[in-house]
Amino acid sequence: MSGQKIVVLGTGGTIAGTSEQAEDNIGYTAAQVGVAQLLEAVPGLEALAMVLHSEQVAQIDSKDMDGEVWLALARRCAHHIEDPVVRGIIITHGTDTLEETAWFLHQTLNAHKPVVLTCAMRPSTALTPDGPQNLLDAVAVAMTSGASGVLAVAAGEVHGALHVQKVHPYRVHAFTSGDVGPLGFVEEGTLRLTQNWPLALDGKARIAIEKIANADAWPRVEIVISHAGATGAVVDALVRDDVQGLVVACTGNGTMHHALEAALLRAQDAGVKVVRSTRCPEGQVLPKRGDLFPDSRGLSPVKARIALMLDLLNASARK
Ligand code: SIN
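All of these numbers come straight from a predicted model, not from anything done at the bench. (Residues numbered from 1 in each chain as written. Predicted model: local features only at pLDDT ≥ 70, side-chain atom pairs only at ≥ 80, totals over all residues. Heavy atoms only, no water.)

1. Quick word on the pairing of strand E4 (residues 114–118)
Here comes step 1: Counted residue by residue, E4 has five buried out of five residues, so it is predominantly covered.
Here comes step 2: Taken together, strand E3 (residues 86–92), helix H3 (residues 98–108) and E4 constitute a β-α-β crossover, and its handedness is right-handed.
Here comes step 3: Here E4 runs beside strand E5 (residues 149–154); their pairing, made up of five bridges, is parallel. By the bridge assignment, Thr118 is partnered in E5 with Val153. (Buried < 20%, exposed > 50% of the residue type's maximum accessible area, 1.4 Å probe, protein only. Helix = DSSP H or I, 4+ residues; strand = E, 2+ residues; numbered from the N terminus. Right-handed = clockwise from strand over helix to strand, strands pointing away. Pairing = 2+ DSSP bridges.)

2. Comments concerning the domain arrangement of the protein chain
Here comes step 1: As far as domains go, the protein chain holds domain 1 (5–193) and domain 2 (216–318).
Here comes step 2: A C-alpha centroid distance of 30 Å is found between domain 1 and domain 2.
Here comes step 3: On the domain 2 side, the residues contacting the 14 residues of domain 1 number 11 residues.
Here comes step 4: When domain 1 packs against domain 2, the two sides together hide about 1,200 Å² of surface, and 67% of this comes from carbon and sulfur.
Here comes step 5: Taken together, domain 1 and domain 2 are joined by zero salt bridges.
Here comes step 6: There are four residue pairs in polar contact (both at pLDDT 80 or more) connecting domain 1 and domain 2. (Domains from an automatic or database assignment. Contact = heavy atoms within 4.5 Å. Buried area = accessible area lost by both parts, 1.4 Å probe. Salt bridge = Lys/Arg side-chain N within 4 Å of Asp/Glu carboxyl O. Polar contact = N/O pair within 3.5 Å; in protein donor to acceptor, adjacent residues only side chain to side chain.)

3. Examining the site of the ligand
Here comes step 1: For the ligand, the full set of nearby residues is Gly13, Thr14, Tyr28, Asp61, Ser62, Gly94, Thr95, Asp96 and Ala120.
Here comes step 2: At 2.6 Å, a side-chain N or O of Ser62 approaches an oxygen atom of the ligand.
Here comes step 3: The separation between an oxygen atom of the ligand and a polar side-chain atom of Thr95 is 2.5 Å.
Here comes step 4: Protein contacts shield 96% of the accessible area of the ligand, which totals 250 Å² for the unbound molecule.
Here comes step 5: Here the shell around the ligand is built from residues that sort into two nonpolar, five polar and two charged. (Near = heavy atom within 4 Å. Areas by Shrake-Rupley, 256 points an atom, 1.4 Å probe, with all protein chains shown as cover. Nonpolar A, V, L, I, M, F, W, Y, C, P; charged D, E, K, R; others polar.)

4. Structural notes on the pattern of salt bridges
Close approach of charged atoms lets side chains of opposite charge pair.
Here comes step 1: Scanning the model with the defined rule gives 10 salt bridges in all.
Here comes step 2: Arg75 is paired through a salt bridge with Glu210; the nearest N and O atoms lie 3.1 Å apart. Remark: Glu210 occurs in helix H5 (residues 209–214) and Arg75 occurs in helix H2 (residues 67–81); sequence separation between them is 135 residues.
Here comes step 3: When its relative accessible area of 38% is taken as the criterion, Arg75 is described as partly exposed.
Here comes step 4: Put simply, Glu222 and Arg220 hold a salt bridge, and the shortest N to O gap is 2.8 Å.
Here comes step 5: By relative accessible area, Glu222 is classed as partly exposed at 28%.
Here comes step 6: Counted as one network, the salt bridges with shared partners bring together Arg220, Glu222 and Asp241.

5. Regarding the pairing of strand E13 (residues 273–278)
Residues in a regular strand point their side chains to alternate faces of the sheet.
Here comes step 1: Counting buried positions along E13 yields five of six residues, so the element is predominantly enclosed.
Here comes step 2: Inspection of the sheet shows strand E12 (residues 245–250) paired to E13 by six bridges, in the parallel sense. Residue pairing across strands places Val248 opposite Arg276, the latter belonging to E13.
Here comes step 3: Note on the crossover from E12 through helix H7 (residues 258–269) to E13: the handedness is right-handed.

Next up, the structure:
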């Protein structure tokens, strides 16, 4: 049965959440139901019971996501991707940091097979939970011939790791790929692709998982935001506290309050890596001559933070 197995890795989230009252969509506890039980509860999946293999990698509310879980997840994904009987991987995940995990995995895996993150905005006990349909759609994407890359499937849409972003704290349709739009739509179990599958990173991960595993600690990279009345106090305090990298969620096209800019220049002179992203939810910082700091090349602040951490890890591993 070559290439037929779909591995479902559970990490928790609202998709695995429970509430005491079915009509309560916000007062629930995330990460309560095991991934095997979640799969059993999806009516359309009984026929695939022999194909689906579940593994519980973590059981957390994704607001608490950390490097340890990311490393465990990357290792399990890398293992299964290279198994010839595995056709694709699904990861059940909380919505809150799903885009960060997707970007981390995109950077660390050679995802020549689909790695599909899915989630839910309503707990499994809700009157109309969205998790079962999202799981069904994720399976449809993972089984689609030619599928590859790290993807996110929710509310009938498929997004790539680069652009996916949670933009709503409550509604079921919480994710967008901004002005780029979704990669495709899942309609009655069939994928309608509107863009190409995301490009694999030249067949190689940008950083080897073992380099991350062997590092003493993850580099300290923090995000600061520019806003009316911003000062440099937070930056100065972080530099005193040995921060190694700073991502700035800038106004507009990468601009920042002059007081914050002065502190960031001091930080940069002290050896801290500074990267500019934008706090605008869509679009990206366009570089221009005379920029004092590099831009994040289209990455949102949270994804730019991950990219900078991986750059710093790579650089320290080379020394
Ligand atoms: C979480 O991110 O784990 C909780 C919120 C959610 O999944 O919607």
